[in-house]
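For reference, the chains in residue letters:
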Amino acid sequence: MWFPVSLNLKKPVNSKFTQQELPACKPILSPGWVITTFAFIGLIFIPVGLASLFASQRVVEIVDRYDVACVPEHLQDDKLAYIQNSTVDKTCTRKLKVPRLMRSPIFIYYELENFYQNHRRYVKSRSDKQLRSREGESDTESCSPEAKTSNGSVIVPCGLIAWSMFNDTYGFSINSKVLDVNKKDIAWNSDKYHKFGSDVYPKNFQSGPFIGGGKLNSSIPLSEQEDLIVWMRTAALPTFRKLYGKIEVDLEPNEEIMVTIHNNYNTYSFGGKKRLVLSTTSWIGGKNDFLGMAYLTFGGLSLLIAATFILIHLIRPRSLGDPSYLSWNKNPAGYSN
Amino acid sequence: MKRFVYINDNEASHDPYCDNRISNRKYTILNFLPKNLWEQFSRLMNQYFLLIACLQLWPLITPVNPASTWGPLIFIFSVSASKEAWDDYNRYLSDKQANEKEVWVVRDGIRKRIQAQDIHVGNIVWLRENDEVPCDLLLLGTSEPQGICFVETAALDGETDLKTRVIPTACAGLASELLYKIKGVIECPNPDKDIRRFDANLRLFPPFIDNDLCPLTINNTLLQSCYLRNTEWACGVAVYTGNETKLGMSRGIPEPKLTAVDAMIDKLIGAIFLFQIVVVIVLGFAGNIWKDTEGQQQWYVMYPVEGPWYELLVIPLRFELLCSIMIPISIKISLDLVKSVYAKFIDWDEEMYDQDAQCPSHAANTAISEDLGQVEYILTDKTGTLTENKMIFRRCCINGTFYGNNSGDALKDGELLNDVVNNVPDVVRFLTVMSICNSVVPTKSPSGEISYKAQSQDEDALVNAAAHLHMVFVNRNGNVLEVNFNASAVRYELLDALEFTSDRKRMSVVVRDCQNGNILLLSKGADEAILPFASNGQQIRSFSDAVEQYAQSGLRTLCLAWRELNEDEYTEWSLMFKEANSTLVDREWKLAEVCQRLEHDLEILGVTAIEDHLQDGVPETIETLRKAGINFWMLTGDKQSTAIQIALSCNFIAPEPKGQLLLINGRTEDEVLRSLERVLLTMRIATSEPKEVAFVVDGWALEIALRHYKEIFTELADLSRTAICCRVTPSQKAQLVELLKSREYRTLAIGDGGNDVRMIQQADIGVGISGREGLQAARAADYSIGKFRFLTRLILVHGRYSYNRTAFLSQYSFYKSLLICFIQILFSFISGISGTSLFNSVSLMAYNIFYTSIPVLTSVLDKDLSEKTVMQHPQILFYCQAGRLLNPSTFAGWFGRSLFHASVVFLITIHSYANEKSEMEELSMVALSGCIWLQAFVVTLETNSFTALQHLAIWGNLAAFYAINCIISMIPSAGMYTIMFRLCGQPSYWITMFLIVAIGMGPVFALKYFRFTYRSSAINILQQAEHSRAPIFRDFESPVESSEKDGISLPSTAQPKSSRSPVYEPLLSESTPNAARKSRGQTTIEFFQPPQNRLSYSRNCKNN
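Residues numbered from 1 in each chain as written. Chains lettered and ligands numbered in written order. Predicted model: local features only at pLDDT ≥ 70, side-chain atom pairs only at ≥ 80, totals over all residues. Heavy atoms only, no water.

## Describing the overall build of chain A
- Check the secondary structure of chain A and you find eight helices and nine strands.
- Relative to a compact globule of 337 residues, whose C-alpha radius of gyration would be 20 Å, chain A shows 31 Å and is clearly more extended.
- By the burial criterion, 49% of the 337 residues in chain A qualify as buried.
- Accessible surface, chain A as shown: approximately 15,600 Å² in total, 56% of it carbon and sulfur.
- A gap of 10 Å separates the mean positions of the 39 positive and 31 negative side-chain charges of chain A. (Helix = DSSP H or I, 4+ residues; strand = E, 2+ residues; numbered from the N terminus. Rg over C-alpha atoms; globule rule 2.2 N^0.38 Å. Buried < 20%, exposed > 50% of the residue type's maximum accessible area, 1.4 Å probe, protein only. Areas by Shrake-Rupley, 256 points an atom, 1.4 Å probe, with all protein chains shown as cover. Lys, Arg positive; Asp, Glu negative; His and termini not counted. Charge placed at Lys NZ, Arg CZ, Asp CG, Glu CD.)

## Things to note about the nonpolar core
- With 249 residues, the main nonpolar core has Tyr170, Trp231 and Ile257 of chain A together with Leu791 of chain B as its most contacted residues.
- Counting residues per element, this core draws most heavily on helix 25 (residues 790-829) of chain B, at 20 residues.
- Excluding its chain neighbours within four sequence positions, the residues that come into contact with Trp231 of chain A are Tyr110, Leu112, Phe115, Gln117, Tyr122, Ile161, Ser164, Met165, Phe166, Phe240, Lys242 and Tyr265 of chain A.
- Counting residues in each nonpolar core, the second largest holds 47 residues, with Ile7, Ala170, Ile186 and Ile218 of chain B among its members. (Core = buried A, V, L, I, M, F, W, Y, C linked by side-chain atoms within 4.5 Å. Contact = heavy atoms within 4.5 Å.)

## Topic: the UniProt feature "transmembrane region" (unreviewed entry) in chain A
All names here are of chain A.
- Mapped onto the present numbering, the UniProt feature "transmembrane region" (unreviewed entry) falls at residues 33-55 and 293-315.
- In residues 33-55, helix accounts for 100% and strand for 0%; the two terminal C-alpha atoms are 33 Å from one another.
- Within the segment residues 293-315, helix and strand shares are 100% and 0% respectively, and the terminal C-alpha atoms sit 32 Å apart. (UniProt positions renumbered as here; feature names shortened; annotations may be inferred.)

## Concerning the domain arrangement of chain A
Residues and elements named next belong to chain A.
- Assigned domains of chain A: these are domain 1 (31-59 + 283-315) and domain 2 (60-280).
- Using only C-alpha atoms to locate each centre, domain 1 and domain 2 end up separated by 40 Å.
- Each partner contributes to the interface: domain 1 provides four residues, whereas domain 2 provides five residues.
- Summed over both partners, the interface of domain 1 with domain 2 comes to about 350 Å²; 40% of that surface belongs to carbon and sulfur atoms.
- In this assembly, domain 1 and domain 2 are joined by zero salt bridges.
- Remark: the boundary between domain 1 and domain 2 carries two residue pairs in polar contact (both at pLDDT 80 or more).
- Residues of the side of domain 1 that touches domain 2, tallied by class, amount to one nonpolar, one polar and two charged. (Domains from an automatic or database assignment. Buried area = accessible area lost by both parts, 1.4 Å probe. Salt bridge = Lys/Arg side-chain N within 4 Å of Asp/Glu carboxyl O. Polar contact = N/O pair within 3.5 Å; in protein donor to acceptor, adjacent residues only side chain to side chain. Nonpolar A, V, L, I, M, F, W, Y, C, P; charged D, E, K, R; others polar.)

## So, the sheet that holds strand 2 (residues 102-107) of chain B
Residues and elements named next belong to chain B.
- Strand order in this open sheet of six strands is 3-2-4-13-5-11, and the pairing throughout is antiparallel. The open sheet has two free edges, formed respectively by strand 3 (110-115) and strand 11 (221-222), since each of these has just one partner strand.
- Where strand 5 (residues 136-142) lies against strand 11, two bridges are found, and the strand directions are antiparallel. Looking at strand 11, one finds that Leu137 is bridged to Leu222. (Pairing = 2+ DSSP bridges.)

The following block contains the structure:
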C-alpha cells in the first residue's frame, strides 16, 4: 500500500507470545532418556503381548473348510455345474471334533475367502435410505445394476450386496441330538433399530432372471432379517467371517458334532473358499495371535535396541554438545572429503 | 505525447481527461465473484483441484462423496476471497474519503465548494494552509508576495522537510482577483510517475499579455497528497487528475516475489504430481487387467460383458480421484497463514523497535520471511545505512591552510575563528559559499532563532557550520538571500540555481552581490567534479592532498569554488539556460550541458570535511553476519577512499596484513580488462590463502566491466566475499543485484535513500532503513527497520526460524497427505484394484483440513535453538542458506516415512481386525485413528520446544478427533453410527493403536536418536550444548576467538557455489569422537594447513 499508515505503527505489544518467548521445555534425545523409553516400552509390551497371546490361545476354534468336500466325488471336475444345478441335492454332512472344552456362547461363523465385498462396484450398490424406511423405497439409484426388475418396479432390498446374500445353512447335532442354534441377536442393535426399518418388507427380491444368493421371506420386515443385516455389514477384507448364530450350551472335549450343511452358495465360479467356524471368545475377541505376537516381538526388539544403545554408549561414549565437533571449530581439511 | 491543459475552460465538452475520482479498487460488487474466481483459478494448483472436484461429480468414478473435495475447495476459496474482499473494501473506504473531501474550485468565475472527485483538468483549485492537495496542480498564485509557498511532501517521497514551490514567472505579481479569470494553456507531457520532473510550458492568453513561453518545472507544481504549510493560501490549476496524477501513476501492484522455499515446494508438488500420474497409470492398468480376468468371474460384482466405450478410463480416473489427496490442498493456505504470523512476529519484535525514531520494524511483504534465512549476499548502501547520516562539519582546508586538524573540530579551532574575525578574504568567500550555495530554507521561529530546512544533510551541516562561524544565512526572501556576517547584513540576489544531479555531482548558484553588483558563480561538489575545472593558473595540488587526507580518515569531502562573471558572459549564458530550461525533451541532459559552459575556470576556495558517524553496532552486525557466511558488498555513491575508510572501520574488510584490497580501475576498456584479469588471478590464488580479499571498483570501471566483460566480472563476483563499489549510480546498484541474482544467489539489498529504491526492488529481499533521507526506501522495501544492527536479528532470528518452520510445515503437509494416500493405495490391492476408498467422505475431508492441519500450525512457535545460541553461533545459518532442511533428499526422507507409516498402519489394521472383525466402517476408523495417532507423535518428535500451546494443539487435536467422531457416531443416519463407541469399548482397539504408534515411531525415534548423538549436525550439537549449558559457552569462546584471528574459520570462505548444494554436508563432523578429541587441543594449530592442501580442495570442488 502506498499510504504511509503502515509505517507509523505503534510500539509493539509486549507479551511473551509476541516476543516468541513463551515458556517452553526443550527436551533433547539424551541417551538416558531414549534408553529408558525403549526399555520401558519393552517392559510394558512384553506382558501385554503375553496377556493378549494367552487370551487368544484360550479361545477354542474349530475351522472346517467344506466347499470342496461337499461336492460329490463325481462332480469334482465341474463344481460350477454342481452348484448351478438346482436339482442336485446340496446337503452334505461334516463331522467336527471338539478339541477342548468350549464354553457357551459358542459363535458360529461362516468364512469366505477371495470374496471381494469391498469391491467398489459391490460396496456402493445399496441404498441406505431404502433400507431405513418405507418412504425411501424408490431410492434405488445407487443400487444399479440390481435396482429394478425388468418391468421397472423397485426391488427391496435393492443392490448387489443384498442380491448376493450368503445362503448356506448349517444344522448341528451331537449324538443325534439336535443342537439349538440361536439366530437371534446376531446383528448389531444399531442396525436393527436404526438402519433397517421395521416397516420395510422385501419386494420383488430375487425375482430376476439371475438368482444371486439367498431369498427373503417377504412377510418379515427387514429389521428382523438378521442374516441380511449381518451380510449387509460389508467386510473390508477379501477373507472375512460373518456371524451365523450361537450355540448356547457348553461343548465337552472330544465330542463329535455332526453338521448338516446346505451348500447353496456359489463360490466355485471364482475359486472362493467357504469355511464353517465354531469359536468361543475372549476379551480380545476371537482367536487372533497377531496382536500378541506383534507385542512380544516389538517388546523384545525394544529391549534389544535399549541394550544396543547402552552398549554403544559404553563403548563409544560421546559427550553431548562438545564444541569441538562443530565443523567451524575443526580442521578445515575436513571439507575435502 | 503531450497534453494541453486549458486553464479555466469551463466547457466541459472539451474535456478529454478523466475527473478526479481516485480508485484503487480491484473489484466492483458486480465483477467481484467472476474476477476473483478467475484470479484464483489462474493458479495451477487451483485448476488441478477444480478438475478433481469436477471429476468427482461423475458418480461412476468417484470413490467418495464429492463434498470431500468441494468442501475444502470452497473453504479455501472463500477464505482467500473474503481476504481480498476485505482489502478491497478498505481501499474503497479510503478512496471514498478522499473522493468526497470538499475543496474550493473556481467555477464560472466564482469560488465554489465541491467534492474532490469533481475536479476536472483545467479547474483552478484553492487551497488553504494545511490542506491536502487533491490532485496535481500547477501553482498559479499564493498568499506570499514573493510567489512562493511551502509544501510537505512526506506522503509522496517521505521527506519530512518543507519544500519551497514557486509560481511560474508568467504569473508573478497577478492579483488574487485576476486569478479567477486567468486563461491560458499549459503544454505538458502525458501523465507519468516521475515525481522529480515536470517538463512543461505555460502560455497565458490575453489580457494576461505575457506572450512568452514560460518554462515550468517540478518546482511550480503542487502534487497530490502533499500538504500546504506555512502559507495562508495557494491556488493552482489541475493538470493531472484522478488516477493519472504522479502519485496515482506510481501506485501499482508490485510483482509478487517468490521465495526459494516456495520454488522448492512448487518443485516438490510437481514431483508428487508426476508420481501420482505414474501410480494412476500403473494401478489403472492393473485394475483393468484384474477386472477382465478375476472381475468377470466374481459373479456378485456383475460386470457387464460389454462395457461402454469409456470403460477403460473408469478405473484410472477412479485412482486419479483416490490419489488426488496426495497433493495437500491445504498447504498454500497453511503457508499463507504461518507466513503472516512470521511477519507479525517481525512487527512485534521489541528488540527491533527503534527507540530513537519511535518506530518498530515492519514487514510489508509477508510472504518472503523464509528467504531472510537463506540470504547469501547483502548489498548495502553506505550513507545512512551503515552510517547515521547525521552530518557534522569537522574540518576544512581553506586555500592550503588546514583547520581543525589538531582538535578534530574546525568550529573550535581558534585560528579559524581568528581569521573570521579578521575578515581574511579567502575565509570570507569560503564561508559565503558554505552558507548560500545551497537550497536550504531558513525559517525563523517566533523567538528569533533560525533553523534550517535542508533537503541534503551535507548542506544542512555546511549552513549550520557557517552560522557558527558568524556567517548566518538569515532569510531567503524570494530571490533575495540575506546573510548576516559578523553582525552586518549582506544581500545577494539569486539569479540562477544550477541544481545538483547525481551525474553532475556538483551544484552552483549564480548570485548578484547587492552591494557592488558583481555577479558571482558559487559552486560546490565532489572533488572530481570541481578540481578539473579549476582555472589554469591555480595550483590544485594542495586541495587534492586535503581531499585525500580527509577521505582517509573517513570524512566526506566537498570542494568549494567560485568565479566572478562579467555581465555579458552571464546574459549570454542566461539565455541558453532559459532555453534549456524550457525544453520538454531531455531537459536534464541539456541543462547539464549548459551548466558545463558556465562552470569552468573556477577558483578553488577550499575543501570541507564532514563527518558521518557509524551507526551503533554496525561493525558487530557485519562481523556476525559474515560469520554466518553472508557475503557483503558495499555499493555507495561516495568516493573510493571514503568508502574504503568506512569499510575498514566497520569490519567490512580487514586491515592490511590480513586483508587485501584489489583495485579495479581504468578509464578505457583495455585498462579495465587488464585490471580485471589481474584481480581475478590474485583472487584465485587468494582463495587458498588465509587472507580476506576484497575488490574495489568504481562506477566508471564497473560500467565498462558490466558492459564488455560480464563473464570475467561474474567470475570475480563468485569468488569474492567482499566488494566495495564506489561512485555507483542507482541503476548500477540494480545491475549488480541482477548480476548476483543471475548466479542464483539469494540477495538482500539494504538502503535508506531514494537512490537505493531500484536496488531494493530488484533484490530478492529489499530492506529499507527508515532514516533521515525519508521513507522512500522503506516504502519500496519488503522490510523496513530502524537501524542497521536490527539486520542481525532479522536474518538470524526471524529469517532462520521462518525457514526452519516452513521447511517442517511444508514437508509435514506432504507427509500426511502421502500417508493417507498410500493407505488408500495399499487398500486397493485387497479390494480388487477397483478403486474403493477405505475412508469415508467425512473423514477424508476432515483429515486434510482439520485433524492434521491444526497441530502443525503451532510449529510457528517452534525454536530449534534459542535466540541467544543462534546469535553466538551465527555459522549455523549455513543450514538455511544451503537449504539443508528442505530439499529433495529431506523430502525423500519424509516420503519414505509416510510409506513406512502407511504400511505399518495398514498391515497392523488388517491383521488385528481380520476375520469376524473385518467390518468396513470399523476397519476404516481403526486405520484413520492410527494415522491421527501417528501424526500426533510425528509432530511431537519433530517439535524442538514445547510451549503450552503446542501441547494443547497436539493432544487437544487428538482429543478433538475422538470427540468429533463420537459425535458423528451418534447420528443414526451417518454411515459410522455407533462405530466410534464400539471401537472405544474394545480393548483390542487400544492395543492396536499402541502397537501402531510403537512400531511406527520406534524406528524413527531410534534413528533420530542415533543421528542426534552419533552423526550430530551442528544444530544438534548446539542443542545438546544448550541443554547441558555448561561446557559450550566456556570452552567455546577460545577457539572462536583464535579462529577469528586467523580469519579463515568461516565455513563458506570463498566456497565455490557447487559446494553449497543442499545435500553436500561438510558441516557434519565425520571423524570419530576420539580423533576429534585428540584434535581439540590443536584446533588452532591445524588451521595452518600447508596451502597446497587447500588448493587441492578447491580444485576438487571445481571438478565436481
